[in-house]
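# Fold and contact review
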There are 2 protein chains.
Amino acid sequence: MEILITYDVDTTTPAGTRRLRRVAKICEAYGLRVQKSVFEIVCTQVDWMLMQRRLLDAIDADHDSIRVYKLHTGAFSNAEHLGHSPPAPHDTPLIF
Amino acid sequence: MEILITYDVDTTTPAGTRRLRRVAKICEAYGLRVQKSVFEIVCTQVDWMLMQRRLLDAIDADHDSIRVYKLHTGAFSNAEHLGHSPPAPHDTPLIF
């Protein structure tokens, strides 16, 4: 599965800043950061269920939001990048 | 076409803040803001070419970045939203 994750975390409080770091850390464990709060994830359905659980535990549902786009295979390599520092393309899971 | 646009604009300068507003305004003219710097665009190929030109003119390619994901039809309505204020779903062009 190719999943695009975008998030907005309310960092107006120290707790929000901690949540932001936690969300980023979870996403980094599963995929590639392509912009500040945008990650490209290539994983299995089971990985996604685990990841989703961790993300739900990490955010404050009243103040933060995460959007999840399940894309067709090849969507990442077809993505266009305008401007500064495009990431290295990847199509394989990055789970260590 | 369903296009997902995400952007990072360097707002460490007043000029950057102006670029951010311009990029957001262009995206708002063509689609639906679903997070601070994430827009869902439903448009024709011609609209996209015009929009892309305007976006390229608006950003500083050395400091800002825009990612463009061309999605399969239905990707927006299948998107999952975790947490705060999901947007109204839309599948039709929002060009006024």
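Scope of this entry: the structure provided in the associated data block. (Residues numbered from 1 in each chain as written. Chains lettered and ligands numbered in written order. Predicted model: local features only at pLDDT ≥ 70, side-chain atom pairs only at ≥ 80, totals over all residues. Heavy atoms only, no water.)

## Here's the deal with the sheet that holds strand S4 (residues 65-71) of chain B
The strand order across the open sheet formed by five strands is S5(A)-S4(B)-S1(B)-S3(B)-S2(B), and the pairing between neighbours is antiparallel. Two strands in the sheet have a free side with no partner beyond their single neighbour: strand S5 (80-83) of chain A together with strand S2 (31-35) of chain B. On average, each strand axis in the sheet is tilted by 20° relative to the strand beside it, whichever way the strands run. Relative to S4(B), S5(A) runs antiparallel, the two sharing four bridges. Bridging from a neighbouring strand, A:Glu80 pairs with B:Val68 of S4(B). (Pairing = 2+ DSSP bridges. Helix = DSSP H or I, 4+ residues; strand = E, 2+ residues; numbered from the N terminus. Axes fitted to C-alpha atoms, helices over the stretch in contact; angles between N-to-C directions.)

## What about the interface of chain A and chain B?
Counting residues at the interface gives 34 residues for chain A, matched by 34 residues for chain B. Contact between chain A and chain B buries roughly 3,100 Å² in total, counting both sides, with carbon and sulfur atoms accounting for 52%. Linking chain A with chain B are four salt bridges. Taken together, the links from chain A to chain B amount to 27 residue pairs in polar contact (both at pLDDT 80 or more). At the level of secondary structure, the elements contributing two or more residues to the side of chain A that touches chain B comprise strand S1 (2-8), strand S2 (31-35), strand S3 (38-42), helix H2 (45-58), strand S4 (65-71) and S5 of chain A. With seven residues, the top contributor of residues to the side of chain A that touches chain B is S4(A). Taken together, the residues that form the side of chain A that touches chain B break down as 17 nonpolar, nine polar and eight charged. (Contact = heavy atoms within 4.5 Å. Buried area = accessible area lost by both parts, 1.4 Å probe. Salt bridge = Lys/Arg side-chain N within 4 Å of Asp/Glu carboxyl O. Polar contact = N/O pair within 3.5 Å; in protein donor to acceptor, adjacent residues only side chain to side chain. Nonpolar A, V, L, I, M, F, W, Y, C, P; charged D, E, K, R; others polar.)

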